[in-house]
Amino acid sequence: MRTNYDVTIIGAGLAGLQCARLLARQGVNVLLVDRKNSLDQKIHTTGIFVRRTLVDFDLPDDCLGPPIKHVTLYSPALRPLELVSQYDEFRIGRMGQLYQRYLQQCLLAGVDWLPQTSYLSHATANDQLTLRLNSGSSTRSITTRYLIGADGARSRVARDLQLELNREWIVGVESVLQGAVLDGPPRLLCFLDPKLAPGYIAWIAHDGEETHLGVGGYPSLFDPTTALQDFRARVADIIDLRKAKQIEARAGLIPIGGVLRNIANSTGLLIGDAAGAVSPLTAGGLDPCMRLSAFAASVVTEYLSTGDVQVLQAYSGELFRSRFASRLWARRVAATLRQPQLLELGCAVLRVPVFSRLANHVFFGRGSFPDVMETENLHPQITQML
Ligand SMILES: Cc1cc2nc3c(=O)[nH]c(=O)nc-3n(C[C@H](O)[C@H](O)[C@H](O)COP(=O)(O)OP(=O)(O)OC[C@H]3O[C@@H](n4cnc5c(N)ncnc54)[C@H](O)[C@@H]3O)c2cc1C
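Draft legend 1. Highlighting helix H5 (residues 224-234). Pro224, Ala227, Leu228 and Phe231 are the residues of H5 that are buried. Burial along H5 is one-sided: seen end-on, the buried residues are contained in an arc of 100°. In H5, those exposed residues whose orientation departs by more than 90 degrees from the buried face are Thr225, Gln229 and Ala233. Check the buried side of H5 and you find it contacts strand E11 (169-178), strand E12 (187-191), strand E13 (202-206) and strand E14 (211-217).

Draft legend 2. The arrangement of the environment of valine 33 in detail. Its place among the elements puts valine 33 in strand E2 (residues 30-33). Note on valine 33: relative accessible area 1%, which makes it buried. Every residue in contact with valine 33, bar those within four places of it in the chain, is listed here: Thr8, Ile9, Ile10, Gly11, Ala12, Trp113, Leu114, Thr117 and Leu133.

Draft legend 3. A look at the packing of aromatic side chains. One pass over the full model with this rule turns up 5 aromatic pairs. Centre to centre, the rings of tyrosine 146 and tyrosine 303 are 5.4 Å apart; their planes meet at 65°, and the pair counts as edge-to-face. With tyrosine 146 in strand E10 (residues 138-149) and tyrosine 303 in helix H6 (residues 286-306), this pair connects stretches of sequence that are 157 residues apart. For tyrosine 146, a relative accessible area of 0% gives the class buried. For tyrosine 303, a relative accessible area of 12% gives the class buried. Through a chain of ring-to-ring contacts, three or more aromatic side chains come together here, namely Tyr74, Phe191 and Phe231. In this structure, arginine 21 packs its charged tip against the face of tyrosine 102, placed 3.9 Å from the ring centre. Across the ring face of tyrosine 87, the terminal group of arginine 51 is positioned such that the distance to the ring centre comes to 4.1 Å.

Draft legend 4. Fine view of the site of the ligand. The environment of the ligand is formed by 31 residues, the closest being Asp34, His44, Thr45, Ile48 and Asp273. Here an oxygen atom of the ligand and a backbone polar atom of alanine 15 are 3.1 Å apart. Here an oxygen atom of the ligand sits 2.8 Å away from a polar atom, N or O, in the side chain of threonine 45. Notes on the ligand: free accessible area 1000 Å², of which the protein chains cover 94%. The set of elements that each furnish at least two residues to the shell around the ligand consists of helix H1 (14-25), strand E8 (118-125), strand E15 (245-255) and H6.

Draft legend 5. Structural context of the nonpolar core. Ile9, Leu23, Ile148 and Tyr315 are the most contacted members of the largest nonpolar core, which has 75 residues in total. When residues in this core are grouped by element, the largest group, 12 residues, is from H6. Among the nonpolar cores identified, the runner-up in size contains 27 residues, and Leu192, Tyr218, Ala335 and Cys347 belong to it.

Draft legend 6. Region of interest: the packing of H1 against H6. At a minimum axis separation of 8 Å, H1 and H6 run at an interaxial angle of 35°. Seen along the crossing, H1 lies across H6 with a hand that is right-handed. Residues Leu14, Ala15, Gln18, Cys19, Arg21, Leu22 and Leu23 of H1 pack against Leu286, Cys289, Met290, Ser293, Ala294, Ala296, Ala297, Val300 and Thr301 of H6. Partitioned by chemical class, the residues of the contact of H1 with H6 number 12 nonpolar, 3 polar and 1 charged.

Draft legend 7. Region of the structure containing the sheet that holds E12. Judged by pairing direction, the sheet is mixed, and its 7 strands sit side by side in the order E5-E4-E12-E13-E14-E11-E15 without closing on themselves. Of all strands in the sheet, those bounded by a partner on one side alone are strand E5 (80-84) and E15. Across the sheet, the mean angle from the axis of one strand to that of its neighbour is 15°, orientation sign disregarded. Its contacts with the sheet place H5 against E11, E12, E13 and E14, and it is angled at close to 130° to E14.

Draft legend 8. Structural detail: the layout of surface pockets. By volume, the second largest pocket is sized at about 280 Å³. Taken together, 14 residues form the lining of the second largest pocket, with Asp127, Thr144, Arg145, Ser266 and Tyr303 sitting closest to its centre. For the lining of the second largest pocket, the secondary structure elements donating two or more residues are strand E1 (4-10), strand E9 (128-135), E10 and H6. Of the residues forming the lining of the second largest pocket, the biggest block, 3 residues, is contributed by E10. Across the lining of the second largest pocket, the residue classes break down as 4 nonpolar, 8 polar and 2 charged.

Draft legend 9. Here's a closer look at the environment of arginine 140. Here arginine 140 is to be found in strand E10. For arginine 140, the contacting residues outside a window of four places in its chain are Met1, Leu114, Leu131, Arg132, Leu133 and Ser135.

Rules used throughout
- Residues numbered from 1 in each chain as written.
- Predicted model: local features only at pLDDT ≥ 70, side-chain atom pairs only at ≥ 80, totals over all residues.
- Heavy atoms only, no water.
- Buried < 20%, exposed > 50% of the residue type's maximum accessible area, 1.4 Å probe, protein only.
- Helix = DSSP H or I, 4+ residues; strand = E, 2+ residues; numbered from the N terminus.
- Arc of directions from axis to C-beta.
- Contact = heavy atoms within 4.5 Å.
- Phe/Tyr/Trp six-rings, centres within 6.5 Å; stacked < 30°, edge-to-face > 60°.
- Lys NZ or Arg CZ within 6 Å of the ring centre and 35° of its normal.
- Near = heavy atom within 4 Å.
- Polar contact = N/O pair within 3.5 Å; in protein donor to acceptor, adjacent residues only side chain to side chain.
- Areas by Shrake-Rupley, 256 points an atom, 1.4 Å probe, with all protein chains shown as cover.
- Core = buried A, V, L, I, M, F, W, Y, C linked by side-chain atoms within 4.5 Å.
- Axes fitted to C-alpha atoms, helices over the stretch in contact; angles between N-to-C directions.
- Left-handed = near helix turned anticlockwise from the far one by under 90°.
- Nonpolar A, V, L, I, M, F, W, Y, C, P; charged D, E, K, R; others polar.
- Pairing = 2+ DSSP bridges.
- 1 Å grid on protein atoms, 1.4 Å probe; cavity = no way out; pocket = protein on both sides within 12 Å on 5 of 7 lines; lining within 4 Å.
- Points joined across faces, edges and corners; volume = space filled by probe spheres on them.

Quick look at the structure:
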């Protein structure tokens, strides 16, 4: 293994993998580091990909479950609102498999891979950036021209680079089940319930092969593990879980303050959750991972080839933040809706046909992350690779 790289990426979630494979295909020497031993462990996502991502990116079909067109939104009193799209709106990623596939693509493109290795710190001396990495009992140093933080919601890289840090989170926990029985087509069931999921939703994502049952909300307002147990009991009349077996438990923090402003400097930049690139309203972060990482790969390629620091100015959260304004506003409203009666009333309003368009827009709208790919911002070779 080399000890000197063009780019080192800390974190091999979707953001880090997407960025690593795009950079390596451009001929950039990339080191990808993750503290996990294997990428199918401790997954931080349900894996629901929205139509816009499925259309714009060539995700491997065998790493995705069957398409979902149906959504049922339940009020706190379990009154349903049925929404059906004419399109295949969602597919649940088989995320362990997808991460492994992207890792294979990274390796084929020449990325060096260091699993079970934690980023500890970095130091700059004589224009050289040195990283300290820890693999269990041993600590090693490598040098790199540029550092990318793809290390999740509580990013150590962001802190060390003195970039902006996420400050607002919800927490999500879920069980992945096999053997659950839900009649009808594959569907996404969303439950508004301020006790089980304060400030967010509880969900059942069922595509006929796999079922994800989860709750999310503000950590100070509930105990997620207890809420997940209570939720399981609450939906006993909606989905038959008697023969369901838990095959995986997933959990994680979801930053919901909107993409951060200050996400790049001459030493490094942030992508994915580390950059706060998550929709504040829906908490969807997979589409932003794909898009922002492609943009980052483009900017870094340009920066490495020109050495011009001005190039990095394009990689600013300010570019996206104004496009998040309505979703940030909606997040503030969602955070205050804690009385079941208010939510019940809101759901009753949504059942009135003229307002159900709003629910359709939230679930089936195409605006999860500002489209950097539609601008002329991308390096032409990166555009060809997407
Ligand atoms: C329960 C839950 C359900 C969700 N469901 C959806 C969904 O269905 N659809 C959707 O669009 N979004 C969803 N999200 C949000 C979305 O999953 C995230 O935004 C996205 O996965 C973030 O990817 P990432 O690569 O930035 O971070 P992560 O996937 O968190 O990856 C970060 C990686 O960095 C590594 N790492 C961290 N620190 C270090 C270190 N010091 N050294 C080495 N490695 C380190 C970690 O091991 C990890 O592998 C969900 C989130 C949660 C928590």
